[in-house]
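As a plain string of letters, each chain reads:
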Amino acid sequence: MADLTTMLINPKNTIEIIKKYEFIFQKKFGQNFLIDSHVVDKIIRSAALTKEDCVLEIGPGIGSMTQYLAEVAGKVIAVEIDKNLIPILSETLKAYDNVTIIHEDILKVDMHKLACEYNSGKPIKVVANLPYYITTPIIMSLFEGQVPVSSITVMVQKEVADRMQAGPGTKDYGALSLAVQYYAEPEIVANVPPNCFMPRPKVGSAVIRLTRHVTCPVKVENEELLFRIIRASFNQRRKTLVNAVENTAGIGISKEEIKDILIDLGMSVTIRGEALTLEQFAELSNRISLRCKNMI
Ligand code: SAM
């Protein structure tokens, strides 16, 4: 690793580069730059990077974490939306010939194509201090878009990390927990206070690692139906599962039929969605799917 005093990641060097380019932080882009090297070390270690890895960094900012990524990974692709940061990145990353900077909105990037182009379709690793306003769309498009990715190690709002990792029967458990856990195993690896960023965010943060399942933990006939049932159950959290699912447009199943399925699966007819595991949601969805097929 290069000499730490030449690395950007400290308040002094960050302020220096920001002043030099007269950079103005843009709230709309969720710009809270990391200024604590221990946090970056923790992120890099949790992602278990080697020279074999191709890393996608979403939102490199001024390049503080990108420098670390470039030291340990084989290749780094850094996608940044803010045009004012591009000249800064060209300076701060000029010593690294394994970094490609792409000036683009990550939500408009074909990440599948990117992974294929830069890593011949082999799984990439995503490492980022994410812009919090688009955390869920980014993570879901990585999973739902079938982007070849082995792990996602990201800084997110603490509350969102808790929701991703939550299990049944807890207050944080919901559609996001199930969507994430369907595709990956979540682990919160660090809690990060606001003073590790410039400017300081108003919320607490956490680093979470999502390790993509090699094989899906549940067998599902109709993924779309599974997620429709899950969303219905948590949209109307205080209702019983029977009432929530029966009210869902497009499912077309009566209360009595749902009750029969629940009894058959050994569950109470008054159970709420928040008590069901991913496996139980999958069983329920498969039974509803089977029943719909039999009706055709
Ligand atoms: N990685 C840097 C760090 O840790 O210091 C900056 C992290 S900051 C929380 C989020 C970064 O994402 C900013 O640089 C911001 O401009 C960028 N960003 C915001 N929205 C984006 C988008 N839609 N596509 C790509 N980058 C985006």
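In case you missed it, the structure is sitting above this.
Residues numbered from 1 in each chain as written. Predicted model: local features only at pLDDT ≥ 70, side-chain atom pairs only at ≥ 80, totals over all residues. Heavy atoms only, no water.

## Here we look at the overall build of the protein chain
Moving on, step 1. Of regular secondary structure, the protein chain possesses twelve helices and nine strands.
Moving on, step 2. Overall, the protein chain is about 70 × 40 × 30 Å in size when its C-alpha atoms are taken along their principal axes.
Moving on, step 3. The proportion of buried residues among the 296 residues of the protein chain is 50%.
Moving on, step 4. In the protein chain, 67% of the contacts between residues at least 6 apart in sequence involve partners at least 24 apart.
Moving on, step 5. One way to put it: in the protein chain the 34 positive side-chain charges average out to a point 4 Å from where the 34 negative ones average out. (Helix = DSSP H or I, 4+ residues; strand = E, 2+ residues; numbered from the N terminus. Buried < 20%, exposed > 50% of the residue type's maximum accessible area, 1.4 Å probe, protein only. Contact = heavy atoms within 4.5 Å. Lys, Arg positive; Asp, Glu negative; His and termini not counted. Charge placed at Lys NZ, Arg CZ, Asp CG, Glu CD.)

## Some points on the pattern of salt bridges
Moving on, step 1. All told, the structure shown has eleven salt bridges when counted by the stated rule.
Moving on, step 2. Residue Glu-187 is joined to Arg-209 by a salt bridge in which the shortest nitrogen-to-oxygen separation is 2.7 Å. In this pair, Glu-187 is assigned in strand β7 (residues 184-192) and Arg-209 in strand β9 (residues 205-212), connecting sequence segments 22 residues apart.
Moving on, step 3. The closest approach of N and O atoms between Arg-228 and Glu-224, which form a salt bridge, is 3.5 Å. Pair noted here: Arg-228 and Glu-224 are both in helix α9 (residues 223-235), with a separation of four residues, about one helical turn. (Salt bridge = Lys/Arg side-chain N within 4 Å of Asp/Glu carboxyl O.)

## Quick word on the packing of aromatic side chains
Moving on, step 1. This model, assessed by the stated rule, comprises eight aromatic pairs.
Moving on, step 2. Aromatic pair Phe-25 and Phe-33: ring centres 5.1 Å apart, planes at 55°, arrangement tilted.
Moving on, step 3. On the accessibility criterion, Phe-25 (27% relative accessible area) is partly exposed.
Moving on, step 4. Measuring from ring centre to ring centre gives 5.0 Å for Tyr-182 and Tyr-183, while their planes differ by 90°; the resulting arrangement is edge-to-face.
Moving on, step 5. Through a chain of ring-to-ring contacts, the aromatic side chains of Phe-143, Tyr-182, Tyr-183 and Phe-227 assemble into a single cluster. (Phe/Tyr/Trp six-rings, centres within 6.5 Å; stacked < 30°, edge-to-face > 60°.)

## Some thoughts on the site of the ligand
Moving on, step 1. Residues in contact with the ligand amount to 23 residues; listed here are only the nearest, Gly-59, Glu-80, Asp-105, Asn-129 and Tyr-133.
Moving on, step 2. One of the backbone N or O atoms of Ile-81 is found 3.3 Å from a nitrogen atom in the ligand.
Moving on, step 3. Contacts to the ligand include Ile-106, whose backbone N or O atom sits 2.9 Å from a nitrogen atom.
Moving on, step 4. For the ligand, whose free accessible area comes to 590 Å², the fraction covered by protein is 99%.
Moving on, step 5. Listed by contribution, the elements that provide at least two residues to the shell around the ligand are β1 (33-34) and β3 (75-80).
Moving on, step 6. Its residues placed into classes, the shell around the ligand shows twelve nonpolar, six polar and five charged. (Near = heavy atom within 4 Å. Polar contact = N/O pair within 3.5 Å; in protein donor to acceptor, adjacent residues only side chain to side chain. Areas by Shrake-Rupley, 256 points an atom, 1.4 Å probe, with all protein chains shown as cover. Nonpolar A, V, L, I, M, F, W, Y, C, P; charged D, E, K, R; others polar.)

## Some remarks on the packing of helix α2 (residues 37-46) against helix α3 (residues 64-72)
Moving on, step 1. Direction vectors running N to C along α2 and α3 enclose 40°, while the axes themselves pass 10 Å from each other. Our classification of the angle between α2 and α3 gives oblique. α3 is crossed by α2, and the crossing has right-handed handedness. Contacts between α2 and α3 involve Ser-37, Val-40, Asp-41, Ile-43 and Ile-44 from the first element and Met-65, Tyr-68, Leu-69 and Val-72 from the second.
Moving on, step 2. Taken together, the residues that form the contact of α2 with α3 break down as seven nonpolar, one polar and one charged. (Axes fitted to C-alpha atoms, helices over the stretch in contact; angles between N-to-C directions. Parallel < 35°, antiparallel > 145°, perpendicular 65-115°, else oblique. Left-handed = near helix turned anticlockwise from the far one by under 90°.)

## Considerations on the side chain of Asn-98
Moving on, step 1. Here Asn-98 is to be found in the loop between α4 (86-92) and β4 (99-103).
Moving on, step 2. By relative accessible area, which is 14% here, Asn-98 ends up buried.
Moving on, step 3. A distance of 2.9 Å separates a polar side-chain atom of Asn-98 from the backbone oxygen of Ala-70.
Moving on, step 4. For Asn-98, the residues in contact, after removing those within four places along its chain, are Lys-51, Ala-70, Ala-73, Gly-74, Lys-75 and Val-76.

## Description of unusual backbone geometry
Moving on, step 1. For the bond from Met-198 to Pro-199, the omega torsion is -15°, close enough to zero to count as cis.
Moving on, step 2. Topologically, Pro-199 is positioned in the loop between β8 (197-198) and β9.
Moving on, step 3. We note that Glu-22 has phi near 50°; this positive angle belongs to a residue other than glycine.
Moving on, step 4. Tracing the backbone through its elements, the reader meets Glu-22 in the loop between α1 (11-20) and β1.

Purely geometric numbers; function is a separate question.
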